[in-house]
Amino acid sequence: MQSKDHIFAAPIAQLGDFCFDQKVAEVFPDMIKRSVPGYSNIISAIGMMTARFAQPHSQLYDLGCSLGAATQEMRRNLTQDGCAIIAIDNSSAMLERAANHLAAFKSDVPVTLTEADICDIEIENASVVVLNFTLQFIAPDKREALLKKIYQGLNPGGVLILSEKFISADDTVNQLLIDLHHDFKRANGYSELEVSQKRTALENVLRPDTPEQHKERLARVGFNHVDMWFQCFNFGSMVAIKQVAIK
Ligand SMILES: Nc1ncnc2c1ncn2[C@@H]1O[C@H](C[S@+](CC[C@H]([NH3+])C(=O)[O-])CC(=O)[O-])[C@@H](O)[C@H]1O
Ligand SMILES: O=C(O)C(=O)Cc1ccccc1
């Protein structure tokens, strides 16, 4: 049975910062589906890109895997020999549920679930790296080093799929996209109070960049081919490819 997200439904006197605790992990599939426009399209496309970019005998990384939705879609679409998926999250509540979720599917692809801060791990022999709505939670001054590590750990021809909540550099468009996102949440059954309490709880935790900041940073760390492949309101996904080595 999947639980419905009522976390911000009642007034909360002392609203703390949003965190990925046991309560959030419990309702996460419902929360993300009703809160992130385009989420299921992005998950499907991660599978499609895995099918194209996975290299035989390489590693695939799902950084900030939560319950393993992207991991499962990668695993389902992998046909290349000798690949392994490394899924990482720093929330033990998420990882416990991810293990249960992934065990429900039959697959020959090895998956390692690791509890760690993605800023501290090593990345090597990678062909596909997924940051699906995770970079936005990393301290802004640590983002570039993380992306550099990903670039260096990718094999030539490898891909990073980076999905994020964005801000727009144009104030009018920015406000429009935020309003449309809130309309989307209300249309999915969230009340005014739920929208506003969650917005406050996320303020210090989820710090979005503009698409331009993302593109410039990805280019700075070395990615040769970068663009947005999907956007719905202030949510979207970028693709960054490491150039194939010229012999
Ligand atoms: N430093 C960190 N190290 C490791 N994990 C982290 C860190 N900071 C946050 N997380 C983890 O990143 C995940 C972000 S949710 C990703 C959805 C998933 N990718 C999905 O495709 O369903 C996005 C959202 O909820 O908007 C949470 O599970 C955090 O515990
Ligand atoms: O719900 C929101 O307002 C969001 O920005 C998306 C989200 C989804 C799940 C956890 C945290 C943020």
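Thresholds applied
- Residues numbered from 1 in each chain as written.
- Chains lettered and ligands numbered in written order.
- Predicted model: local features only at pLDDT ≥ 70, side-chain atom pairs only at ≥ 80, totals over all residues.
- Heavy atoms only, no water.
- UniProt positions renumbered as here; feature names shortened; annotations may be inferred.
- Phe/Tyr/Trp six-rings, centres within 6.5 Å; stacked < 30°, edge-to-face > 60°.
- Helix = DSSP H or I, 4+ residues; strand = E, 2+ residues; numbered from the N terminus.
- Lys NZ or Arg CZ within 6 Å of the ring centre and 35° of its normal.
- Salt bridge = Lys/Arg side-chain N within 4 Å of Asp/Glu carboxyl O.
- Buried < 20%, exposed > 50% of the residue type's maximum accessible area, 1.4 Å probe, protein only.
- Near = heavy atom within 4 Å.
- Polar contact = N/O pair within 3.5 Å; in protein donor to acceptor, adjacent residues only side chain to side chain.
- Areas by Shrake-Rupley, 256 points an atom, 1.4 Å probe, with all protein chains shown as cover.

As annotated in an unreviewed UniProt entry, the chain carries the name Carboxy-S-adenosyl-L-methionine synthase and comes from Oceanisphaera marina. Quoted verbatim from the Catalytic activity (unreviewed entry) field of UniProt, the annotation for the chain is "prephenate + S-adenosyl-L-methionine = carboxy-S-adenosyl-L-methionine + 3-phenylpyruvate + H2O". Of the comments in the UniProt record for the chain, the one headed Function (unreviewed entry) reads "Catalyzes the conversion of S-adenosyl-L-methionine (SAM) to carboxy-S-adenosyl-L-methionine (Cx-SAM)."

K.L.:
What should I look at first to understand the packing of aromatic side chains in this one?
P.N.:
Any pair of aromatic rings gets described here by the distance separating the centres and the angle formed by the planes. Taken as a whole and assessed by the stated rule, the structure comprises seven aromatic pairs. Here F20 and F137 contribute two aromatic rings whose centre-to-centre distance is 5.0 Å and whose plane-to-plane angle is 90°, an arrangement assigned as edge-to-face. Placement of the pair is F20 in the segment before α1 (22-35) and F137 in the loop between β4 (126-132) and α5 (143-153), with a sequence separation of 117 residues. When the ring of W229 is compared with that of F230, the centres are 5.6 Å apart and the planes differ by 45°; the resulting orientation is tilted. Taken together, F8, F18, F20, F28 and F137 form an aromatic cluster joined through their ring pairs. The aromatic ring of Y190 is capped on one face by R34, whose charged end is 3.9 Å from the ring centroid.

K.L.:
Sorry if this is basic, but what is going on with the pattern of salt bridges here?
P.N.:
Two side chains with opposite charge may pair up if their charged atoms get near one another. Evaluated as defined, the whole model comprises nine salt bridges. For E26, the salt bridge goes to R97, with nearest N and O atoms at 3.0 Å. With E26 in helix α1 and R97 in helix α4 (residues 92-103), this residue pair connects regions lying 71 residues apart in the sequence. We classify R97 as partly exposed; its relative accessible area is 21%. Among the salt bridges present, the one from D183 reaches R186, with a minimum N-O distance of 2.8 Å. Pair noted here: D183 and R186 are both in helix α6 (residues 171-187), with a separation of three residues, about one helical turn. Take D183: its relative accessible area is 39%, and that puts it in the partly exposed class.

K.L.:
Could you clarify how one ought to interpret the site of ligand 1 in this entry?
P.N.:
In the vicinity of ligand 1, 20 residues are found, and the nearest of them are Y39, G64, S66, D89 and N132. Within the side chain of S66, one N or O atom sits 2.8 Å away from an oxygen atom of ligand 1. Within the side chain of D89, an N or O atom sits 2.6 Å from an oxygen atom of ligand 1. Alone, ligand 1 offers 650 Å² of accessible surface; in the complex the protein occludes 93% of this.

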